[in-house]
Number of protein chains: 2
Amino acid sequence: MRADARQNRQRLLDATAELVLEAGGEPTSDAIAERAGLGIGTLYRHFPDRQSLLHAVARHVLERTIADGEAIIATTTTSDEAVRRYMHAAIDHGIGVVNMIHPLLDDADWPDLRARAEAVLTTLIERNRYDRLLREDLSVGDIVFATIRFGRPLAIGLSPAEDREIARRQLDRYLDGLLAATPYREHTAP
Amino acid sequence: MRADARQNRQRLLDATAELVLEAGGEPTSDAIAERAGLGIGTLYRHFPDRQSLLHAVARHVLERTIADGEAIIATTTTSDEAVRRYMHAAIDHGIGVVNMIHPLLDDADWPDLRARAEAVLTTLIERNRYDRLLREDLSVGDIVFATIRFGRPLAIGLSPAEDREIARRQLDRYLDGLLAATPYREHTAP
DNA sequence: TGCTAAACGGAGCGCTACACTCCGTTTATG
DNA sequence: CATAAACGGAGTGTAGCGCTCCGTTTAGCA
């Protein structure tokens, strides 16, 4: 594979991720090619169709997020820090694109990644069973849904950088609220 | 105006809000009519075009949310409870549709509503200056962005009811993290 | 420095899906 | 029962989008 071809392939992946996070939806083939500074023909020489490209981007993000999660588990001892680092890593890698491209939760795709992702998440939860630094009712679903919520772009015309800044700040508050020591009280109906 | 016409108009508004929250985007005219159990012709007799209908739905949601906010301010004394009730009211009224229909924050539309909304928000913040039940760096922007974040549908194939259930739970954790008494610590780079 | 296979660009084609119209039919209301 | 008001939905025009095709450019090698 020629060097320029490899570089262009990467440009297509990056441009796609950017556009998805900026516009909060699936970009058109033309938009991706333009953002990458390439012709449409080049896009279709690297990927058989638009969906393949989108899938590749989503997979790439997922892979890096899971790899980070595995590393975090191996090096971080306290459950609260591990959860915090994992969720920040997901946002930094642009986990939002996975949700925008595969809005349904039926990830029958990626059976391999799914197993690894489940391992990471259950480890995070089980670790909290011992040190109990976070609320004890914290579940895998809580982490998944929160990761989706904070990873999704707000789609109000912000740049990906501004958007991420807001997301990180909000995520930290959410994690504060997850601490077992938080003066939480059961809220009844308003 | 004939009674059935008025009822059908309301059905169109309700169906639109439902679809926006379910699919996380602007529904087609056909989809709206079908969901409302009406013909497309009826839609266009009540609204000159699709955008007018969408605008009307967004305005309706905003109006009810702001009215609730004004009532909450008049009856709730503590700042943390007032903020909590306001944000839950926004979610319950489906504030997410406003963001899906007007993704950009330049609400040059609704100058009237904007003034009232600003009054509600600044009052909430100013009240916290006195009782300091929430973090003192809490800003109007924090409330706005959080309302958008938690009001937006997750768009992963959940029903609006399930979606709202998750949003409410997550919002309560976020609000817990906003309490001044939370054992928050400054997070440094990972 | 030339040669060639590999890679690129983008005009244009075909098609889908969507907004909106139009008119014959139905229905509320006095 | 009369009639104006309201409805239904097939159909039309179109805009935008995915993808192809082929003439042009370029990387890499001897």
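In this text the structure is predicted, and so the values were computed from the model without any measurement.

1. Overview of the protein's contact with DNA strand C
Piece 1. Taken together, 22 residues lie near DNA strand C, and Gly39 and Gly41 of chain A together with Ala3, Thr28 and Asp49 of chain B sit nearest.
Piece 2. At the level of elements, α1 (3-23) and α3 (40-46) of chain A together with α1 (3-23), α2 (29-36) and α3 (40-46) of chain B are the ones that each hand at least two residues to the surface near DNA strand C.
Piece 3. Top element by residues in the surface near DNA strand C is α3 of chain A. It accounts for four residues.

2. So, the protein's contact with DNA strand D
Piece 1. What surrounds DNA strand D is a group of 22 residues, the closest being Ala3, Thr28 and Asp49 of chain A together with Gly39 and Gly41 of chain B.
Piece 2. Per-element tally for the surface near DNA strand D: the top contributor is α3 of chain B, with four residues.
Piece 3. When the residues that make up the surface near DNA strand D are grouped by side-chain class, the tally is seven nonpolar, seven polar and eight charged.

3. Things to note about the interface of chain A and chain B
Piece 1. The interface of chain A with chain B comprises 31 residues on the first partner and 30 residues on the second.
Piece 2. For the side of chain A that touches chain B, the secondary-structure elements that each account for two or more residues are α5 (79-92), α8 (140-151) and α9 (160-178) of chain A.
Piece 3. Broken down by element, the side of chain A that touches chain B gets its largest block of residues, nine residues, from α9 of chain A.
Piece 4. Looking at side-chain class alone, the side of chain A that touches chain B contains 18 nonpolar, seven polar and six charged residues.

4. Some details on the environment of Ala15 of chain A
Residues and elements named next belong to chain A.
Piece 1. Counting through the fold element by element, Ala15 comes out in helix α1.
Piece 2. Separated by 16 residues in sequence, Ala15 and Ala31 have C-alpha atoms that sit 9.0 Å apart.
Piece 3. In contact with Ala15, other than residues within four places in its own chain, are Ile32, Arg35 and Ala36.

5. With respect to the relation of the copies chain A and chain B
Piece 1. Superposition of chain A onto chain B requires a rotation of 180° combined with a translation of 0.0 Å along the rotation axis, giving an RMSD of 0.0 Å. Considering both components of the superposition, the chain copies are consistent with a two-fold axis.
Piece 2. When the interface residues of chain A are mapped onto chain B, 97% of them again fall at the interface, so both copies present the same face.

6. Observations concerning the packing of α1 of chain B against α2 of chain B
Between two packed helices, what matters for the description is the angle formed by their axes and the separation of those axes.
Residue and element names in this part refer to chain B.
Piece 1. At a closest axis distance of 8 Å, the pairing of α1 and α2 adopts a crossing angle of 115°. Read as a crossing pair, α1 and α2 show a hand that is right-handed. Between α1, through Arg11, Leu12, Ala15, Thr16, Glu18 and Leu19, and α2, the contact on the second element is made entirely by Ala31, Ile32, Arg35 and Ala36.
Piece 2. When its residues are assigned to classes, the contact of α1 with α2 shows six nonpolar, one polar and three charged.

7. Overview of the packing of helix α5 (residues 79-92) of chain B against helix α9 (residues 160-178) of chain B
Residue and element names in this part refer to chain B.
Piece 1. Close contact between α5 and α9 brings their axes to 11 Å; oriented N to C, the two are set at 160°. Comparing their axes, α9 and α5 come out roughly antiparallel. Crossing handedness for the pair α5 and α9: right-handed. Between α5 and α9, the residues in contact are Arg84, Met87, His88 and Ile91 and Arg164, Ala167, Arg168, Leu171 and Leu175, respectively.
Piece 2. Looking at the contact of α5 with α9, its residues break down into five nonpolar, one polar and three charged.

8. Re α2 of chain B
Because an α-helix packs 3.6 residues into every turn, residues spaced three or four apart end up facing the same way.
Residue and element names in this part refer to chain B.
Piece 1. Residues Ile32, Ala33 and Ala36 constitute the buried set of α2. Across the axial projection of α2, the buried residues extend over an arc of 95°, all falling on one side.
Piece 2. Lining the buried residues of α2 we find α1 and α3.

9. Some remarks on the environment of Val140 of chain A
All names here are of chain A.
Piece 1. Examined against the element boundaries, Val140 turns out to sit in helix α8.
Piece 2. On a C-alpha basis, the gap between Val140 and His93 in space is 20 Å, while along the polypeptide they are 47 residues apart.
Piece 3. Dropping the residues within four chain positions of it, Val140 is found in contact with Leu121, Thr122 and Ile125.

Thresholds applied
- Residues numbered from 1 in each chain as written.
- Chains lettered and ligands numbered in written order.
- Predicted model: local features only at pLDDT ≥ 70, side-chain atom pairs only at ≥ 80, totals over all residues.
- Near = placed C-beta within 6 Å.
- Helix = DSSP H or I, 4+ residues; strand = E, 2+ residues; numbered from the N terminus.
- Nonpolar A, V, L, I, M, F, W, Y, C, P; charged D, E, K, R; others polar.
- Contact = placed C-beta atoms within 7 Å.
- Least-squares fit on C-alpha atoms with pLDDT ≥ 70 in both.
- Axes fitted to C-alpha atoms, helices over the stretch in contact; angles between N-to-C directions.
- Left-handed = near helix turned anticlockwise from the far one by under 90°.
- Parallel < 35°, antiparallel > 145°, perpendicular 65-115°, else oblique.
- Buried ≥ 20, exposed ≤ 12 C-beta atoms within 10 Å, placed from the backbone.
- Arc of directions from axis to C-beta.

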